[in-house]
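The lines below spell out each chain.
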Amino acid sequence: MSAAPPPRVVLVDDHGLFRSGVRAELGGQLEVVGEAEDVAPAIELITRVVPDVVLLDVHLPGGGGQAVITAVVRDLPQVRFLALSASDAPEDVIAVIRAGARGYVTKTISTADLADAIRRVADGDAVFSHRLAGFVLDAFASAPAAPDVRPSFDPELDQLTNREREVLRLIAQGYTYREIGRELFISAKTVESHVSSVLRKLQLSSRHQLTRWATERRLA
Amino acid sequence: MRNRGNGGPLRRDPDDRLGGGVAAGIGAWRGFSPTTVRIACVVAALITQGWAVPFYFIGWLLIPARSEPAVDEQPSIGARARHDSRGVALAIGLASFFAVFLLLAGVLNDGAIEIYGWPQVASVFCLTLIWRNARESERAAMRHLIQPLESLWTGGENMRRSTTLRLVASAVLLVAGLGWLLSLHGGTALLAPLGGFVLVAAALVLLFGPWWLRIARDLVLERQARARAEERADMAARVHDSVLQTLALIQRRAEDPAAVVQLARAQERELRSWLFEGRVAGDADAATLAEGVRRIQRDVEARHGVPVEVVTVGDCPLDDHLSALLAAAGEATVNAAKWSGASVISLFAEVEPDKVAVAVRDRGKGFDTDAVPADRRGVSESIRGRMARHGGEAVVQSVPGEGTKVTLTLPRAARPGGQAAAAEGKRR
């Protein structure tokens, strides 16, 4: 893995201070090939330099991070997105993930963890912060609205398996994949595949509950 | 009597005006909504056949505007008008001209114009004086009100043509309508009053419609602008009270990284709860499990300076059992902050249909669960004992050098109403 060239990264964030901070911190370990501060310049930059990973702020003035993903993802499926934000309303985070981001981390993340997360996203893995794990558990909460409705008719995409739920719970408690593997007697690779499968469900599920959940969050 | 109601003297309110702000002033003075007062004015004008109208203008003349200082020598328009001899002469002239017009109208027919017209002689008199003696700001507002009429003289080519057209059309309608109405006295047609009334109304709408629309639009715009300004002020106050203060504190304590982190986290938490949950910091007692968990986070971070990462899934209202669960969780979190030496503690709470689970975990020193020091055993027992008393369970796992995890679970189904509470919690 160390033989592979470092991932090429584009930073998209409307906060100039934050961009320069991340650039300075990551500069040694990754190749930062460009910065953008808004949706339109970001799309232009990404299509021009085609980076491996885009570090994308959830909140951007010109339409939010999801606008960037939606504009780019069809033409450049090889570009991967890692969402990050400081102020995370759950429905915004879920929206960015559903648009196609491969993970979500908070801005309070340490530099080492951020670099690690970017590498993992570049390798095609999903990166769930403890907070995202909480959001996902919340969104997929198993309790049906009426106690007598059995969810048996739900397609597989609409539900998390018990194992996936366990993995998410441990992520929410700050466990690393290796620690989770040890806790559940599975390999770290298996943990990773569970997380990727959750990500897939999150992105592909058309179940009403996700929408309903977001609406309720907004109304609450 | 003047000093009752809102506690202040009666003042017109030029900021909330339709005409002179008299209604708004009276409303504020006696504690009614301005709209109520306005409707009352219109009703009064109708049932008194117009005799109430001049009183509005007299009020305009005699009640000082709110913006005018009370110590002013001539606070009201009326007081100033007394010294305006030319204005008084002009007012008398216009009023008598109007009176002569009414006399002529009365000679030509015995109609309604007269009945409704006579009180307005006084109105014309008052309005003239108001126009001449109002302060510049109020004059500007009045000019703004009648501007569409002025456009007949000052507007551009197109504007003038359309206004002329409107005037001509409404004049025709007005004459036809009045003629129809007046012919009623001689004629017997049952439908005539209705038709005449419709024509007159159409004429009035055509003539004054754009003007009314504009007044309404201005009012709405003004109200929106005021709401926006208030919102901005609220935001600014909030940012000042919390964020700017914290930033100042952070600058002063820059040499103490732990304090800076603690300040920043406290501020982040407060701002987050305000932005996303609409709550103000320092609210009363926690009412739900998630609020209780955040309270633990707040207390431990403030008292022990160790960051607590909180994730909650679902929520439900608190009861005695859940409060006990929270107390045990708080105990475990404080223990972790005090003893583990970990740089961060994770606190995870999940509300499931059949149970509530809370996990407190740190990556600190850990300890040998079989050889717990006496003082630690006491605390651990208080967590276990408390959970057991409420039908729950506490599991403490710890590995020296790797950290500690305390898992607390409390079944919900055993309690009556648990299911309903679960559904409610989900919906929150």
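The rules we used
Residues numbered from 1 in each chain as written. Chains lettered and ligands numbered in written order. Predicted model: local features only at pLDDT ≥ 70, side-chain atom pairs only at ≥ 80, totals over all residues. Helix = DSSP H or I, 4+ residues; strand = E, 2+ residues; numbered from the N terminus. Buried ≥ 20, exposed ≤ 12 C-beta atoms within 10 Å, placed from the backbone. Pairing = 2+ DSSP bridges. Axes fitted to C-alpha atoms, helices over the stretch in contact; angles between N-to-C directions. Contact = placed C-beta atoms within 7 Å. Core = buried A, V, L, I, M, F, W, Y, C linked by C-beta atoms within 7 Å. pLDDT = per-residue confidence, 0-100. Parallel < 35°, antiparallel > 145°, perpendicular 65-115°, else oblique. Nonpolar A, V, L, I, M, F, W, Y, C, P; charged D, E, K, R; others polar. Expected span 1.5 Å × (residues − 1). Right-handed = clockwise from strand over helix to strand, strands pointing away.

1. Quick notes on the overall build of chain B
Part 1 of the argument: Scanning chain B from N- to C-terminus turns up 14 helices and five strands.
Part 2 of the argument: When burial is assessed residue by residue, chain B has 27% of its 428 residues classed as buried.

2. Quick notes on the sheet that holds strand β1 (residues 308-313) of chain B
Part 1 of the argument: One open sheet accounts for five strands, arranged β1-β2-β3-β5-β4 (chain B); its pairing is mixed. Strands with a single pairing partner mark the edges of an open sheet, and in this sheet they are β1 and β4 (393-399) of chain B. Neighbouring strand axes in the sheet, compared pairwise and without regard to direction, differ in orientation by 10° on average.
Part 2 of the argument: Judged from the six bridges that link them, β1(B) and strand β2 (residues 345-351) of chain B form a sheet pairing that is parallel. The residue of β2(B) that forms the bridge with Thr312(B) is Ala349(B).
Part 3 of the argument: Contacts between helix α6 (residues 130-139) of chain A and the sheet are confined to β1 and β2 of chain B, with β1(B) contributing the most and set at about 10° to the helix.
Part 4 of the argument: Contacts from helix α11 (residues 289-304) of chain B reach β1, β2 and β3 (355-362) of chain B within the one sheet, and its direction differs from that of β1(B) by about 180°.

3. Examining unusual backbone geometry
Residues and elements named next belong to chain A.
Part 1 of the argument: Positive phi outside glycine occurs at valine 50, with the angle close to 40°.
Part 2 of the argument: Within the fold, valine 50 resides in the loop between α2 (39-49) and β3 (53-57).
Part 3 of the argument: With 15 C-beta atoms counted inside 10 Å, the residue valine 50 sits in the partly exposed group.
Part 4 of the argument: Positive phi is not limited to glycine here, since phenylalanine 185 has a value of about 60°.
Part 5 of the argument: Following the sequence through the fold, phenylalanine 185 ends up in the loop between α8 (177-184) and α9 (188-204).

4. A closer look at the sheet that holds strand β2 (residues 31-36) of chain A
Residue and element names in this part refer to chain A.
Part 1 of the argument: Within the open sheet, the six strands sit side by side as β2-β1-β3-β4-β5-β6. Their pairing is parallel. With partners counted over all chains shown, the strands left at the sheet margins are β2 and β6 (127-128), one partner each.
Part 2 of the argument: Here α2 sits on the sheet in contact with β1 (8-12), β2 and β3, set at roughly 150° to β2.

5. Focus on the nonpolar core
Part 1 of the argument: Val12(A), Leu55(A), Leu82(A), Ala83(A), Ala101(A), Ile118(A) and Val136(A) are the most contacted members of the largest nonpolar core, which totals 97 residues.
Part 2 of the argument: Tallying contributions element by element places helix α12 (residues 320-340) of chain B first for this core, with eight residues.
Part 3 of the argument: When near neighbours in sequence (up to four residues on either side) are disregarded, Ala101(A) contacts Leu56(A), Ile69(A), Phe81(A), Leu82(A), Ala83(A) and Val96(A).
Part 4 of the argument: By size, the runner-up hydrophobic cluster in this structure holds 21 residues, among which are Ala24(B), Trp29(B), Ile63(B) and Ala91(B).

6. Digging into the confidence of the model for chain B
Residue and element names in this part refer to chain B.
Part 1 of the argument: For chain B, the average pLDDT comes to 75, and 76% of its residues sit at 70 or higher.
Part 2 of the argument: Predicted confidence for residues 414-428 stays below pLDDT 50, and this span has 25 contacts to residues more than four positions away or in other chains.
Part 3 of the argument: Model confidence for the complex is summarised by a pTM of 0.54, with the ipTM given as 0.77.

7. Section: the packing of helix α4 (residues 90-99) of chain A against α6(A)
All names here are of chain A.
Part 1 of the argument: In the contact formed by α4 and α6, the axes pass within 10 Å of each other and the chain directions differ by 90°. Our classification of the angle between α4 and α6 gives roughly perpendicular. Contacts between α4 and α6 involve Pro90, Val93 and Ile94 from the former and Leu132, Phe135, Asp138 and Ala139 from the latter.
Part 2 of the argument: Classifying every residue of the contact of α4 with α6 gives six nonpolar, no polar and one charged.

8. Focus on helix α5 (residues 111-122) of chain A
Residue and element names in this part refer to chain A.
Part 1 of the argument: End to end, α5 covers 16 Å across 12 residues, agreeing with the expected 16 Å (1.5 Å per residue, within 8%).
Part 2 of the argument: Of all the positions in α5, only Leu114, Ala115, Ala117, Ile118, Arg120, Val121 and Ala122 are classed as buried.
Part 3 of the argument: Here the buried face of α5 lies against β1, α1 (16-26), β3, β4 (80-85), β5 (103-106) and β6.
Part 4 of the argument: Trailing α5 by a residue or two, glycine 124 shows a phi angle of about 95°, which is positive.

9. A few points about the pairing of β4(A)
All names here are of chain A.
Part 1 of the argument: Most of β4 is tucked away, with six of its six residues classed as buried.
Part 2 of the argument: Alternating positions in β4 separate into two faces, Arg80, Leu82 and Leu84 on one and Phe81, Ala83 and Ser85 on the other, with burial throughout.
Part 3 of the argument: Where β3 and β4 come together, five bridges link them in parallel fashion. Pairing of leucine 56 across the sheet is with alanine 83, part of β4.
Part 4 of the argument: Regarding the hand of the β-α-β motif, the stretch spanning β3, helix α3 (residues 65-72) and β4 is right-handed.
Part 5 of the argument: Relative to β5, β4 runs parallel, the two sharing three bridges. Directly across from serine 85, in β5, lies its bridge partner threonine 106.

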